[in-house]
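Geometric and topological summary
Letter by letter, the chains look like this.
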Amino acid sequence: MVKGKIRVRIKGYDTKVVDESTAKIVDTAIRTGAKVAGPVPLPTKLEKITVISGPHIDKRSGEHFEVRTHIRLIDILEPTASTVDQLSHLSLPSGVGIEISA
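The protein is annotated in an unreviewed UniProt entry as Small ribosomal subunit protein uS10. Regarding the protein, the relevant UniProt record gives this comment under Function (unreviewed entry): "Involved in the binding of tRNA to the ribosomes."

If you want it as structure tokens, here you go:
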């Protein structure tokens, strides 16, 4: 049995994909016999970008874009060896970033 806990951070731009990935990770952890705390939705990071629409004619007009990064946090308490093995071989959709720390 692995001591301690595993903290998983999931980042993505699409909430549906992030929530599906969290559901897969939680289901995998529970199936292997580990206790799960979470998922905890962390605040959404909002990045706003302004681009000048016409650089030669009208420099006062601009277009506004925003990028939202959704973050979820999962703590896996009392993980087993099979939990770590299943999490490392888990296939998740593209567009999702995962950080696993012990």
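Continuing now.
Glancing now at a nonpolar patch on the surface. Among the surface-exposed residues, Y13, I49, V51, F65 and V67 lie close enough to one another that they form a single nonpolar patch of about 460 Å² accessible area. Elements represented by at least two residues in the nonpolar patch include exactly strand 2 (35-52) and strand 3 (62-77). By secondary structure assignment, the location of F65 is in strand 3. We classify F65 as partly exposed; its relative accessible area is 45%.

For the rest of this paragraph, the subject is the pattern of salt bridges. Tallied over the entire structure, the rule returns 7 salt bridges. Across the pair D75 and R7 runs a salt bridge whose closest N-O atoms are separated by 2.8 Å. With D75 in strand 3 and R7 in strand 1 (residues 5-12), the pair connects residues that are 68 residues apart, well separated along the chain. In this structure R7 comes out as partly exposed when scored by relative accessible area, which is 33%.

Turning next to unusual backbone geometry. Of the consecutive residues G38 and P39, the connecting peptide bond is found in the cis state with omega at 5 degrees. Relative to the elements of secondary structure, P39 occurs in strand 2. Positive phi, normally seen in glycine, also occurs at E78, with a value near 50 degrees. Mapped onto the elements of the fold, E78 is located in the loop between strand 3 and helix 2 (81-88). You can call E78 partly exposed: its relative accessible area is 41%.

Time to look at the sheet that holds strand 1. Working definition: the strands of a sheet are paired by backbone hydrogen bonds and lie parallel or antiparallel to each other. What the 4 strands build is an open sheet, ordered 2-3-1-4; its pairing is antiparallel. Of all the strands in the sheet, just strand 2 and strand 4 (96-101) have a single pairing partner and so form its edges. Pairs of neighbouring strands in the sheet enclose a mean axial angle of 15 degrees, with direction left out of account. Both strand 2 and strand 3 contribute to a ladder of 14 bridges, which runs antiparallel. By the bridge assignment for strand 3, K48 is matched with E66. Contacts from helix 1 (residues 15-31) reach strand 1, strand 2, strand 3 and strand 4 within the one sheet, and its direction differs from that of strand 3 by about 10 degrees.

Cut-offs and rules
Positions within a chain are numbered from 1, following the residues in the order the chain's sequence is written. Residue-level local features of this predicted model are given only where pLDDT is at least 70; pairs of side-chain atoms are given and counted only at 80 or more, and the full residue set underlies all totals for whole chains, interfaces and linings. Each side-chain value is worked out from all heavy atoms of the structure, with water and hydrogens disregarded. UniProt positions are given in the numbering used here, feature names are shortened, and annotations may be inferred rather than shown by experiment. Only residues above 30% relative accessible area that lack a salt bridge enter a patch, with like-charged residues linked at up to 9 Å and the nonpolar side chains Val, Leu, Ile, Met, Phe, Trp and Tyr linked at up to 5 Å. Residue exposure ignores everything except the shown protein chains as possible cover, and the areas themselves are Shrake-Rupley values with a 1.4 Å probe. Each salt bridge in this description consists of a side-chain nitrogen of Lys or Arg and a carboxyl oxygen of Asp or Glu lying within 4 Å of one another. Secondary structure elements follow DSSP: runs of H or I no shorter than four residues count as helices, runs of E no shorter than two count as strands, and numbering proceeds from the N terminus. Accessible area is worked out with a 1.4 Å probe on protein chains only. A residue is then buried under 20% of its type maximum, exposed over 50%, and partly exposed in between. Two strands form a pair only when DSSP identifies at least two bridges running between them. Axis lines are fitted through C-alpha atoms, for helices just across the contact stretch, and the angle between N-to-C directions can take any value from 0 to 180 degrees. Whether two residues are in contact is decided by their heavy atoms: any pair within 4.5 Å suffices.

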